[in-house]
Amino acid sequence: MKFFVLVLVLLVAGAAPAFAMPKEGCGGDCSSCHSFNVKEASTLLKGMGGDVKGVKPSAVRGLWEVTFSKDGKQAVAYVDYSKKFIIPGAIYTIATRQPVPSAAQPPRVEKVKTSAIPLTNAIVMGNPRAAKRLILFTDPDCPFCAKQHAELKKLLAKRNDIVVYIKLYPLKIHPKAYDHARVILQAKSEKLLDDNFNGRPIPAPTPQTPKAGVDATMKLAQSLGLNSTPTLILPSGKVLAGFQEAGAIEQALSGSKGK
């Protein structure tokens, strides 16, 4: 009761209550309550994607946009205001289905030549003799890739005319992904990939576990301008970046030509 009396007294007196919040939240200026700079980001994100070159508020409130640079190339990721979570790659606007613009984000690749993508260094899922070939660049430690894997299984359960060549593309944002990819590719094992996506332990690499196959895929993806996972390439060469539901893939295939 005393609380409500105090509020009434303040209102009658024409004073704003001390606990009143700005209409926009953080006074409409997030930097008045939150801060993040290159030095702090470099310490927090050490070893996760190269050298931190820039930090600024993103177009999405509640996230910082962090620009990384490595080997002369730039990439972008997003860190939430609590500084507990990082989101690699692009953020998409629901209305337009397009990435939120970023100065650090390279132009999105719409189409590639499938003839430029060797089908070696891949795990084959589905009917190996199928006429319709899909190529998936996936990171074994990416949660969105795990969801994509499940959707492809749904699609292949319905369709016997599709084969998926899974090329393991570990991103720097996932420190253990490179070793996981090496182990899975060496065994050419869909089961090991399933286990890893489902959080089940897989063998650790040994000094004899090859690196060449994974390194080749990473180099190939970068040469094609593919910088995020999952990325699916249709028989026509059309690039579908980001998670796709089974129905959407099937619909996209219906308008795709070629093998």
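Fair warning: this is a prediction, and the values are worked out from it, not measured in the lab.

To continue, consider the side chain of Asp195. Along the chain, Asp195 turns up in helix H5 (residues 190-197). Note on Asp195: relative accessible area 8%, which makes it buried. Setting aside residues no more than four positions away along its own chain, Asp195 makes contact with Arg200 and Ile202.

What follows concerns the packing of helix H3 (residues 143-158) against H5. At a minimum axis separation of 10 Å, H3 and H5 run at an interaxial angle of 130°. In terms of axis orientation, H3 runs oblique to H5. In terms of crossing hand, the pair formed by H3 and H5 is left-handed. Residue-level inspection shows Cys145, Ala146, His149 and Lys153 of H3 in contact with H5, the latter providing Glu190, Leu193, Asp194 and Phe197. Residue classes in the contact of H3 with H5 are distributed as four nonpolar, one polar and three charged.

Turning our eyes to something else, we now look at the side chain of Thr231. Structurally, Thr231 can be placed in strand E10 (residues 231-233). At 2.7 Å, the side chain of Thr231 and the backbone oxygen of Ser228 are in polar contact. Once residues within four sequence positions are removed from consideration, Thr231 is found in contact with Ile135, Leu136, Phe137, Leu226, Val239, Leu240 and Ala241.

Pairing in this open sheet of four strands is antiparallel, and the strands run E1-E2-E3-E4 from one edge to the other. This sheet does not close on itself; its edge strands, each paired only once, are strand E1 (51-57) and strand E4 (86-88). This sheet shows a mean twist of 30° between the axes of neighbouring strands, independent of strand direction.

Cut-offs and rules
Residues numbered from 1 in each chain as written. Predicted model: local features only at pLDDT ≥ 70, side-chain atom pairs only at ≥ 80, totals over all residues. Heavy atoms only, no water. Helix = DSSP H or I, 4+ residues; strand = E, 2+ residues; numbered from the N terminus. Buried < 20%, exposed > 50% of the residue type's maximum accessible area, 1.4 Å probe, protein only. Contact = heavy atoms within 4.5 Å. Axes fitted to C-alpha atoms, helices over the stretch in contact; angles between N-to-C directions. Parallel < 35°, antiparallel > 145°, perpendicular 65-115°, else oblique. Left-handed = near helix turned anticlockwise from the far one by under 90°. Nonpolar A, V, L, I, M, F, W, Y, C, P; charged D, E, K, R; others polar. Polar contact = N/O pair within 3.5 Å; in protein donor to acceptor, adjacent residues only side chain to side chain. Pairing = 2+ DSSP bridges.

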